Amino acid sequence: MNAIEFILAGMLAAATPFLLAALGELVVERAGVLNLGVEGLMALGAVLAFIFVYHGGGHFLGFVAAGLGSAALSLIFAFVTLGFRANQVAAGLAIGILGQGLSALFGKTYESLTVKGLPRLAVPGLSDIPVVGGLFVQDIVVWISLLATFVIWVMFAYSKLGLVIRAVGENPKAAHAIGYSVITVRVLAIAFGGAMAGFAGAYAAVIYTPLWADGMIAGRGWIAIALVVFGTWMTGRIFLGACLFGAVSLMGLAAQATGLDVPSQLLSSLPYLVTIIVLGIISADRRLLKLNGVASLGEPFER
Amino acid sequence: MSAGFIASFPSLVRRERASLVATFIAPAVALVVALVLNLSLYLLMGRDPVAVLYAMLLEPFLSWASFSEVLLKAGPLLLIAQGLAIGFRAKVFNIGAEGQFILGAIFASAIPVWFPQATGQWIWPAMLLLGAIGGALWASLTAFWRVRLNANEILVSLMLSLVAAQLLNYLLLGPWKDPNGFNFPQSVMFPYDAMVPTLIAGTRLNVSFLITLALSLAAFVFMQKSFSGYKLQVGGLAPRAAGYAGFKEGWTIWLSLLIGGFAAGLAGAAEVAGPLGQLQRSISSGYGYAAIIVAYLGGLHPIGIVVSALVMAVIYIGGDNAMVSANLPIAAVRVFQGSLLLGYLIAIAFVRYRLEWPKTAQKAAHRSPS
C-alpha cells in the first residue's frame with residue numbers, strides 16, 4: 001500500500017470526529033450562538049462511550065451515553081448564556097475546561113486501557129477499484145456520518161426548519177416578531193451541537209483509536225470550530241474541510257512509515273499549523289466571511 | 001414547550017443602573033456555589049467532603065511554608081491574568097497565554113542552556129526580559145493573523161498554544177535534553193546566576209513576585225488612568241464610537257496581544273528561573289487557561305485580579321493537598337475551575353439584571369396604569 005492509498009483509505013475515518021463535531025457546531029452557530037466548549041464536550045463524550053464499551057455495553061449504547069452526556073453538559077452552556085445572557089466566549093471556555101476536567105476525572109481508572117473497534121463494511125464492487133477502493137471500506141459510523149452530512153445540507157438548503165434556524169441566527173428580533181421562540185430554537189440547537197460533539201468524541205475513543213488516554217481529543221474540538229469558519233458556514237465545504245484534516249492527520253503517520261527524517265513533534269503539530277494557515281487564507285477574504293457569516297453570532301438575545 | 005410553561009419562569013429585567021453590590025458579591029457567590037457543587041461531587045465519588053474541604057481551603061493557610069507556596073503559585077496566575085484582562089476589556093480574546101508562557105520559558109532557558117558557563121548577576125534579569133520578549137513575539141503571530149488576515153484570534157492563539165507544547169517537547173526530547181539527565185525530558189539544571197534571587201529565606205518565593213506586584217500596579221495605572229487604557233476600553237465597549245473617535249482597531253489588537261504575550265512570557269521565564277530551575281515538560285500545569293478564569297473572576301479589574309489570583313492559587317495548592325490526604329484525583333482542580341467560572345458568569349448577570357417573578361410582574365402591570 002503506498003502513501004496515497006493509505007491516506008485515501010483512512011481519510012474518512014480520521015475525518016469523522018472533525019466532521020461530526022463541526023456539523024454540530026454549524027447548527028449552533030447558524031442559530032447565532034458561538035459555543036467554544038466543543039473540545040470539552042468531545043472529551044466527555046469520549047470517556048462516557050469508552051466506559052460503556054469497556055464494561056460490555058456495546059458501541060451503540062456507548063454512543064447513546066456520549067450523546068446524552070455531552071448534550072447535558074451543553075445544556076449548562078445554554079442555561080448560562082441564554083438564561084443569564086452570559087458572555088458566550090467565557091461560558092464556552094468554562095464548559096471546555098469543565099468537560100476536560102470531568103473526562104479526566106471519570107477516565108482516571110481507565111487510563112491506557114483498550115476496547116475493540118468496529119468492523120469495516122465494504123461497498124461491493126466499488127471497494128475493488130484500484131487506488132481509491134479503500135474509500136469504500138468504512139465502518140458503519142462513517143457511513144452514518146456521511147448520511148448526516150447530507151441530511152444537514154438538505155435541512156439548510158430546502159427545509160423550513162433550516163430557514164427558521166437561519167432566521168434566528170441572522171435576525172433574532174425579526175424571528176421573534178413573526179412568532180418563533182428564539183430561545184427554544186437556540187436551546188435545541190445547542191443540545192444538538194452537544195450531542196454531535198459527544199458522538200465525535202465517542203468515535204475518537206471507541207472506534208478510531210479504541211483506547212482511553214487523558215487529553216486524547218488533542219485539539220480536535222478546536223479544529224472542528226475552525227472548520228466551520230473554513231467552510232464559511234456551508235455544509236458541503238465543511239465536509240471537504242473535514243476530509244482535508246483527516247488527510248493531514250494521516251500524513252504524519254504516512255511520512256513516518258516512509259522513513260522521512262522529520263521530528264515527530266512537527267508531524268503532530270501539522271494539523272494545528274494547517275489550521276492556522278488555512279484560517280489566515282480564508283479569513284483574508286473579508287467579503288466571503290461577511291456574505292456567509294451569521295449576523296448575530298455570539299450576541300445575547302434580548303426582547 | 002408551551003408559552004405558559006415559559007411564563008412561569010422568572011425573567012431577567014435590565015436594571016436602571018448597574019448594581020455595584022452585585023459586582024462585589026458575584027465572585028464570592030460563585031465560589032460558594034462551586035464549592036457546594038464540587039463537594040457534592042466528591043461525596044458521590046465516595047470521598048469525605050470535610051477532609052477535602054479541610055485540605056483545600058484550610059491547610060494552605062495553616063503554616064507559613066504552605067502559604068508561601070500559595071503566593072508562589074499566585075505569581076504566574078496574577079501576571080498572566082493582568083495581561084489578559086487588558087485584552088479582554090478591549091474584546092480581544094487572547095486565549096493562547098499557555099503558549100506564550102511556554103515560549104517565555106523556552107526563550108529564558110536559551111541563556112543557561114547555550115551558555116552554561118556564564119556567570120554574573122545580569123543573567124537572571126536578561127532571562128526574564130528575553131522570556132517576556134519571547135511571549136510577546138509568539139502573541140504577535142496572533143496579532144498579525146488577526147489584523148492583517150482578519151483571522152479569529154481565539155482560534156489562532158489556541159492553535160499556537162498546541163504548537164508551542166509540541167515545540168517544547170521537541171526541544172526537551174532532542175537538542176536541549178540534559179545529556180546527563182538519565183534520558184528524562186528536561187534541560188540541564190540552571191546555574192546559580194540563572195536563578196531569580198529568593199525573597200524570603202526558607203521559602204521558594206522570589207523577586208519575581210515583587211515584579212508581578214509592581215506590574216499589577218502598572219496595569220492599574222494603565223487601565224484606570226492612562227489615555228491608552230481608555231482607548232482600549234472604548235474599543236471594547238463601543239467599537240463604533242472608538243472608530244469615529246479615530247481609535248484604530250488594529251492598534252488595539254496589537255497592543256492587547258503584545259501586553260498579554262509579554263506578561264505570559266515573563267511568567268514563563270520566572271517559572272523556569274524560579275521554582276523549577278530547569279526547562280521541563282510540566283512547566284505550566286495549565287496556568288495559561290486558569291489565568292483566563294482568574295481574569296474574569298477578578299472582574300477584569302487589576303485589583304480584583306490580585307484577589308482572584310490568590311483564590312485560584314489556594315485551589316491549586318489545596319487540590320494538591322487533597323490529592324495526597326483525601327485521595328482526590330488532580331483532575332478535580334480543573335472541574336472546580338470550570339464550575340467556578342460558570343458560577344461567576346451566572347452571578348455576574350445580576351450586576352446588570354434583576355430577576356422578576358411572574359406574579360410581581362403582574363402586580364407591577366396592574367399598578368402601572370394608576
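Scroll up for the structure.
Anyway, here's the lowdown on the structure attached to this text. (Residues numbered from 1 in each chain as written. Chains lettered and ligands numbered in written order. Predicted model: local features only at pLDDT ≥ 70, side-chain atom pairs only at ≥ 80, totals over all residues. Heavy atoms only, no water.)

**Observations regarding the overall build of chain A**
- Of the regular secondary structure elements, chain A holds 13 helices and two strands.
- At 19 Å, chain A has a C-alpha radius of gyration in line with the 19 Å of a compact globule built from 303 residues.
- Projected onto its principal axes, the C-alpha coordinates of chain A cover approximately 60 × 45 × 40 Å.
- Looking at the 303 residues of chain A, the share that counts as buried comes to 58%.
- Taking the contacts inside chain A whose residues are at least 6 apart along the sequence as the reference set, 77% of them involve residues at least 24 apart.
- One way to put it: in chain A the 15 positive side-chain charges average out to a point 11 Å from where the 13 negative ones average out. (Helix = DSSP H or I, 4+ residues; strand = E, 2+ residues; numbered from the N terminus. Rg over C-alpha atoms; globule rule 2.2 N^0.38 Å. Buried < 20%, exposed > 50% of the residue type's maximum accessible area, 1.4 Å probe, protein only. Contact = heavy atoms within 4.5 Å. Lys, Arg positive; Asp, Glu negative; His and termini not counted. Charge placed at Lys NZ, Arg CZ, Asp CG, Glu CD.)

**A short note on the environment of Val229 of chain A**
- Relative to the helices and strands, Val229 of chain A is located in helix H9 (residues 220-230).
- C-alpha separation for the pair Val229 of chain A and Leu26 of chain A, spaced 203 residues apart in sequence, amounts to 9.1 Å.
- Those residues within four positions of Val229 of chain A in sequence are excluded, and the remaining contacts are Leu279, Ile282, Ser283 and Leu289 of chain A together with Leu155 of chain B.

**A short note on the packing of aromatic side chains**
- Applying the stated criterion across every chain, the model contains 20 aromatic pairs over all chains.
- Where Tyr287 of chain B meets Tyr316 of chain B, the ring centres are 5.8 Å apart and the plane angle is 70°; that geometry is what we call edge-to-face. Pair noted here: Tyr287 of chain B is in helix H12 (residues 287-297) and Tyr316 of chain B is in helix H13 (residues 302-325), with a separation of 29 residues, a long-range link.
- The class of Tyr287 of chain B is buried, set by a relative accessible area of 2%.
- Directly above the aromatic system of Phe156 of chain A lies the positively charged group of Arg30 of chain A, at a separation of 5.9 Å from the ring centroid. (Phe/Tyr/Trp six-rings, centres within 6.5 Å; stacked < 30°, edge-to-face > 60°. Lys NZ or Arg CZ within 6 Å of the ring centre and 35° of its normal.)

**Details of a nonpolar patch on the surface**
Residue and element names in this part refer to chain A.
- Among the surface-exposed residues, Ile4, Leu126, Ile129, Val131 and Val132 lie close enough to one another that they form a single nonpolar patch of about 380 Å² accessible area.
- Looking at the element boundaries, Leu126 is found in the loop between strand E1 (120-122) and strand E2 (137-139).
- Classification of Leu126 as partly exposed rests on a relative accessible area of 36%. (Patch = residues over 30% accessible without salt bridge, like charges linked within 9 Å, V, L, I, M, F, W, Y side chains within 5 Å. Areas by Shrake-Rupley, 256 points an atom, 1.4 Å probe, with all protein chains shown as cover. Salt bridge = Lys/Arg side-chain N within 4 Å of Asp/Glu carboxyl O.)

**Quick word on the side chain of Asn292 of chain A**
All names here are of chain A.
- Assignment of secondary structure puts Asn292 in helix H13 (residues 286-292).
- Here Asn292 falls in the buried class, since its relative accessible area comes to 16%.
- Looking at Asn292, its side chain comes within polar contact range of the side chain of Thr232, at 3.5 Å.
- Discounting chain neighbours no more than four positions away, the residues touching Asn292 are Arg30, Thr232, Trp233, Met234 and Arg237. (Polar contact = N/O pair within 3.5 Å; in protein donor to acceptor, adjacent residues only side chain to side chain.)

**Observations regarding the pattern of salt bridges**
- Tallied over the entire structure, the rule returns five salt bridges over all chains.
- A salt bridge links Arg334 of chain B to Asp214 of chain A, with the shortest nitrogen-to-oxygen separation between them at 3.3 Å. Residue Arg334 of chain B is found in helix H14 (residues 331-347), and its partner Asp214 of chain A is found in the loop between helix H8 (182-208) and H9; the two belong to separate chains.
- Given a relative accessible area of 39%, Asp214 of chain A falls into the partly exposed group.
- A salt bridge links Glu356 of chain B to Arg354 of chain B; the shortest N-O distance between them is 3.1 Å.
- Here the salt bridges share partners, and the residues they tie into one network are Arg146, Glu153 and Glu249 of chain B.

**Observations concerning the packing of helix H3 (residues 58-83) of chain A against helix H4 (residues 88-107) of chain A**
Residues and elements named next belong to chain A.
- Contact pair H3 / H4: the axes reach a minimum separation of 10 Å and the direction vectors enclose 155°. With respect to H4, the axis of H3 lies roughly antiparallel. Once H3 is placed against H4, the crossing between them reads as right-handed. Within the contact between the two elements, H3 uses Leu73, Ile76, Phe77, Val80 and Thr81 and H4 uses Gln88, Ala91, Gly92, Ile95, Leu98 and Gly99.
- By residue class, the composition of the contact of H3 with H4 is seven nonpolar, four polar and no charged. (Axes fitted to C-alpha atoms, helices over the stretch in contact; angles between N-to-C directions. Parallel < 35°, antiparallel > 145°, perpendicular 65-115°, else oblique. Left-handed = near helix turned anticlockwise from the far one by under 90°. Nonpolar A, V, L, I, M, F, W, Y, C, P; charged D, E, K, R; others polar.)

**Let's talk about the interface of chain A and chain B**
- At the junction of the two partners, chain A supplies 47 residues and chain B supplies 46 residues.
- Between chain A and chain B, roughly 3,900 Å² of surface is buried when both sides are summed, and carbon and sulfur atoms account for 78% of that area.
- For the pair chain A and chain B, the interface holds one salt bridge.
- Across the chain A-chain B interface, the total number found is five residue pairs in polar contact (both at pLDDT 80 or more).
- Breaking the side of chain A that touches chain B down by element, the ones donating at least two residues are H3, H4, H9, helix H11 (264-268), helix H12 (270-284) and H13 of chain A.
- If you tally residues by element for the side of chain A that touches chain B, the top one is H4 of chain A, at 13 residues.
- In terms of residue class, the side of chain A that touches chain B is made up of 30 nonpolar, twelve polar and five charged. (Buried area = accessible area lost by both parts, 1.4 Å probe.)

**Some remarks on helix H4 (residues 64-89) of chain B**
Residues and elements named next belong to chain B.
- With 26 residues, H4 should cover 38 Å at 1.5 Å per step; its first-to-last C-alpha distance of 36 Å lies within 8% of that length.
- A bend of about 30° at Ala74 is the largest found in H4, and the proline Pro76 appears one to four places after it.
- Here H4 lies mainly inside the structure; 22 of its 26 residues are buried. (Expected span 1.5 Å × (residues − 1). Bend = angle between axes of the 7 residues up to and from the residue.)

That's the geometry; what it means functionally is another story.
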